[in-house]
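Residue-level listing of the chains:
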Amino acid sequence: MTTTRTLGRSGIEVGAIGMGCWAIGGPLWGDDGQPFGWGEVDDDESVRTVHAALDLGATLFDTASNYGAGHSERILGRALAGRRDRAVIATKFGNRSDGATRRWTGSDHSPGYAVASLEESLRRLGTDHVDLYQLHLNDLPASAALDLVDTLEGLVTQGKIRAYGWSTDHPESAAAFAAAAPHCAAIQHDQSVLLDNAAMLAVCDRYDLASVNRGPLAMGLLTGSTRAVGADDVRGRAPEWLVWFTDGRPSPRWAERVAQIRAALTADGRTLAQGALGWLLARSPRTVPIPGCRTVTQAEENFGALALGPLPADAVAEVERLLADLRHTPAESGV
């Protein structure tokens, strides 16, 4: 059974699991040497991965202007050449980066930059419109986000975007934005079986929004991999918000929690990753997980979950029993 979902009040239909395109952007660095990417990538394999995702029923591809300083958008555009009508493209704005040095150079939430960044994204993606355009500044005050509404509505009127949203983990901010923004269709937020943002899901219900789930596999923790990552991988020198990894390896506390729920997530023959994605599909009819993929093999596993559908109710109940102590913990901030 291949499942589809709707991007909130936009009416745009997508495969129920989309592809996160952060990793295919390759390296990005902060001023202090902090890695903001997932390390070196094989661009040809990235293109094959996008094609595999499409063939397996994924239609939503989520990228950002600063993933690999624009490299993710360029590779996605290359992969979708001749296939644009099969894809729903989501990208983001608000972070500046230098393509020559692969460095993050700061944030900009001005209306003028929202317009300029979109033009650059359209050029890199090789398309005349973006389906979902998202503010990429998690902790921006709601008042500043509201200053962008008129500009974003203008881009909808011009046909350059079909809908817009905000990548934020703050329910109150998301609610204020959605209430004032007619074509806001989605909130992208951290959401996984280990981190349930019930308050954000309630906002999505109240305002008819899609819940686009970043971090659905807890940055790879929920794949079960135990290999160490490289120094150019964001998990190798994890920022404060990235709790799942320590010094490039799964944090013992969280690895133990994964071990506790592994049997419930895999009881009907799914892999661990497919079980984690199935939990998200069972959590709400509004959820659209966007696991990252860098290889065809990863795509085959992740989007194989579309055919399996939501996790069965008895497995969901067992997971909730095992993780009951986590369900009252406020969500961590993400990117």
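Structure first, text after, so check above.
What you see is a predicted model; the values in this text were computed from it and never measured.

## A short note on helix α5 (residues 149-158)
Phase 1: By the burial criterion, the buried members of α5 are Val149, Thr151, Leu152, Glu153, Leu155 and Val156.
Phase 2: The inward-facing, buried residues of α5 contact β5 (88-93), α3 (111-125), β8 (130-135), α4 (142-146), β9 (161-167) and α6 (171-180).
Phase 3: At the exit of α5 stands glycine 159, carrying a positive phi of roughly 80°.

## Structural notes on the pairing of β8
Phase 1: Judged by how many residues are buried, β8 sits mostly within the fold: six of six residues are covered.
Phase 2: Relative to β8, β5 runs parallel, the two being bridged by four bridges. Note that in β8 the partner of phenylalanine 93 across the bridge is leucine 135.
Phase 3: Direction of pairing for β8 relative to β9: parallel, over a ladder of five bridges. Across the sheet, residue glutamine 134 finds its bridge partner in β9, namely glycine 165.

## What to know about helix α7 (residues 198-207)
Every α-helix carries 3.6 residues per turn, so stepping three or four residues along brings you back to the same face.
Phase 1: Within α7 the residues assigned to the buried category are Met200, Leu201, Val203 and Cys204. Down the axis of α7, the buried side of the element spans an arc of 155°, and every buried residue falls inside it.
Phase 2: Buried residues along α7 sit against α6, β10 (184-190), β11 (210-214), α9 (272-283) and β14 (287-289).

Rules used throughout
- Each chain has its residues counted from 1, running along the sequence as written.
- Local features in this predicted model are restricted to residues whose pLDDT is 70 or higher, and side-chain atom pairs enter the listing and the counts only when it is 80 or higher, whereas totals over whole chains, interfaces and linings include all residues.
- Side-chain calculation: all heavy atoms of the structure are included, whereas hydrogens and water are not.
- Using a 1.4 Å probe on the protein chains alone, a residue whose accessible area is under 20% of its type maximum counts as buried, one over 50% counts as exposed, and one in between counts as partly exposed.
- The helix count covers DSSP runs of H or I at least four residues long, the strand count covers runs of E at least two residues long, and both are numbered beginning at the N terminus.
- Contacts are assigned to residue pairs with any non-hydrogen atoms lying within 4.5 Å of each other.
- Strand pairing is assigned whenever DSSP identifies at least 2 bridges connecting the two strands.
- Taking the helix axis as origin, the arc is that swept by the directions to the C-beta atoms.

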